[in-house]
Amino acid sequence: PVPTIAAINGPAIGAGFAVALACDMRVVAREAPMGITFVNLGLHPGMGSTFFLSSIVGPQVAARLCLTGDVIKGDEAVALGLALSSHETGADCVDAAEQLAGRIATAAPIAVRTTVKSLRSLQEVERGGLDRALMREADAQAQCYNTEDLIEGIRALEEKRSPSFWNK
């Protein structure tokens, strides 16, 4: 395995943020919006976002972000432990990610690979495994697919209004 760094230099909402969460480290642009907004569409979060988010920030902050669909920006992401650093511009963010990658690249390759493997193994042991989390998320999403709430959430997004959910 190789270390991965997400440079969040623009909007990372829903699936885009889930991809960033799967990375080992994240750096962000100060004004980049980020969030797991699935519930505001009437859908359970997916793509391993519940697994990675709770592993990164703990269950309480993960619950807040997953259950409210709150969208945060760079400085709050750093304060919550979601990102290493917040940068003034998207270009500065990418530069910071490249500098970090460069520092890692100067370290001993075998030591880096084995350390990445150990860190990821810890997540697997502590959180019950990514495969199990993905199966749970897929099952929960399937339960949402045939609901009127999902239809309403998508319609509200298209119409640029707040959804009115009916628990149906």
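The present account deals with the structure reproduced in this document. (Residues numbered from 1 in each chain as written. Predicted model: local features only at pLDDT ≥ 70, side-chain atom pairs only at ≥ 80, totals over all residues. Heavy atoms only, no water.)

**A word on the overall build of the protein**
Going by this rule: Per the convention used, a helix needs a DSSP run of H or I reaching at least four residues, while a strand needs a run of E reaching at least two, with both numbered from the N terminus. As a reference, a globule follows 2.2 Å times the number of residues to the power 0.38, and the radius of gyration itself is taken over C-alpha atoms. Partly exposed residues are those whose accessible area sits between 20% and 50% of the maximum for their type, while under 20% is buried and over 50% is exposed, using a 1.4 Å probe and protein chains only. What makes two residues a contact is simply this: any of their non-hydrogen atoms within 4.5 Å.
The helix and strand inventory of the protein stands at eight helices and five strands. Listed N to C, the secondary structure of the protein is β-β-α-β-β-α-α-α-β-α-α-α-α in terms of helices and strands. Against the compact-globule benchmark of 15 Å for 168 residues, the protein has a radius of gyration of 17 Å, which places it among compact chains. Along the longest, intermediate and shortest principal axes, the C-alpha atoms of the protein span 55 × 35 × 25 Å. Per-residue burial over the protein gives 38% buried out of 168 residues. Partitioning the intrachain contacts of the protein with sequence separation of at least 6 by distance along the chain shows that 60% fall at a separation of at least 24.

**Examining the sheet that holds strand β3 (residues 25-29)**
Selection rule: Strands are labelled as partners when DSSP assigns at least two bridges between them. A fitted line through C-alpha atoms represents every axis, and for helices the fit uses only the stretch in contact; the resulting angles, taken between N-to-C directions, go from 0 to 180 degrees.
Sheet architecture is open: three strands sit in the order β1-β3-β5, paired in parallel fashion. The sheet terminates laterally at β1 (5-8) and β5 (85-87), the two strands that pair on one side only. On average, adjacent strands in this sheet sit at an angle of 20 degrees to one another, irrespective of strand direction. Alignment of β3 against β5, held across three bridges, turns out to be parallel. Looking across to β5, one finds that Val28 is bridged to Ser86. The strands that helix α5 (residues 90-105) touches are β1, β3 and β5; relative to β1, the one it contacts most, it runs at about 165 degrees.

**Looking at the packing of aromatic side chains**
For clarity, the cut-off: Two aromatic rings from Phe, Tyr or Trp, using only the six-membered ring of Trp, form a pair when their centres are within 6.5 Å; if the ring planes differ by under 30 degrees the pair is stacked, by over 60 it is edge-to-face, and anything between is tilted.
Enumeration according to the criterion identifies one aromatic pair in this entry. Between Phe51 and Phe52 the ring centres are 5.1 Å apart and the planes differ by 80 degrees, which places this aromatic pair in the edge-to-face class. Overall, the relative accessible area of 9% leaves Phe52 in the buried class.

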